[in-house]
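Here is how the chains run, residue by residue.
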Amino acid sequence: MTQVYFRDETQHQVSAAERALLVGVGWKRAASISRNAGGEQGRESLLELMELARSAGAEIAGTVFQVRD
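For clarity, every value in this text was computed on a predicted model and none was experimentally measured. (Residues numbered from 1 in each chain as written. Predicted model: local features only at pLDDT ≥ 70, side-chain atom pairs only at ≥ 80, totals over all residues. Heavy atoms only, no water.)

Chemist: What should I look at first to understand the overall build of the protein in this one?
Modeler: Tallying secondary structure elements over the protein gives two helices and four strands in all. Listing every helix and strand of the protein by position from the N terminus yields β-β-β-α-α-β. By residue count, 14% of the 69 residues in the protein fall in the buried class. If you take every contact in the protein between residues at least 6 apart in sequence, the share linking residues at least 24 apart comes to 58%. Working note: accessible area of the protein is about 5,700 Å², and carbon and sulfur atoms make up 48% of it. (Helix = DSSP H or I, 4+ residues; strand = E, 2+ residues; numbered from the N terminus. Buried < 20%, exposed > 50% of the residue type's maximum accessible area, 1.4 Å probe, protein only. Contact = heavy atoms within 4.5 Å. Areas by Shrake-Rupley, 256 points an atom, 1.4 Å probe, with all protein chains shown as cover.)

Shown next, in the form of structure tokens:
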């Protein structure tokens, strides 16, 4: 959806998409259970979340990922 704003007698189009900061967490202990590198499952989850957010119309402002004990 595009909204039109008027300022100083000029027309500006502004995107009305919601912006999202996506946060993912991976667990070190999961690596020994699943034989994956620490946090790999969490990163895959974050990628899936990015796809879901985009399909919902969000603009991805950024992502943060952290591996925890």
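Chemist: I tried to follow the pattern of salt bridges on my own but got confused; where do I start?
Modeler: Two side chains of opposite charge can pair, provided their charged atoms sit close to one another. Counted under the stated rule, the structure contains two salt bridges. A salt bridge links E59 to R19; the nearest nitrogen and oxygen atoms lie 3.6 Å apart. Placement of E59 in strand 4 (residues 59-68) and of R19 in strand 3 (residues 19-27) is noted, with a sequence separation of 40 residues between them. E59 sits in the partly exposed class, given a relative accessible area of 37%. On the accessibility criterion, R19 (60% relative accessible area) is exposed. One salt bridge connects K28 with D69, and the closest N-O pair in it is separated by 3.3 Å. With K28 in the loop between strand 3 and helix 1 (29-34) and D69 in the segment after strand 4, this residue pair connects regions lying 41 residues apart in the sequence. (Salt bridge = Lys/Arg side-chain N within 4 Å of Asp/Glu carboxyl O.)

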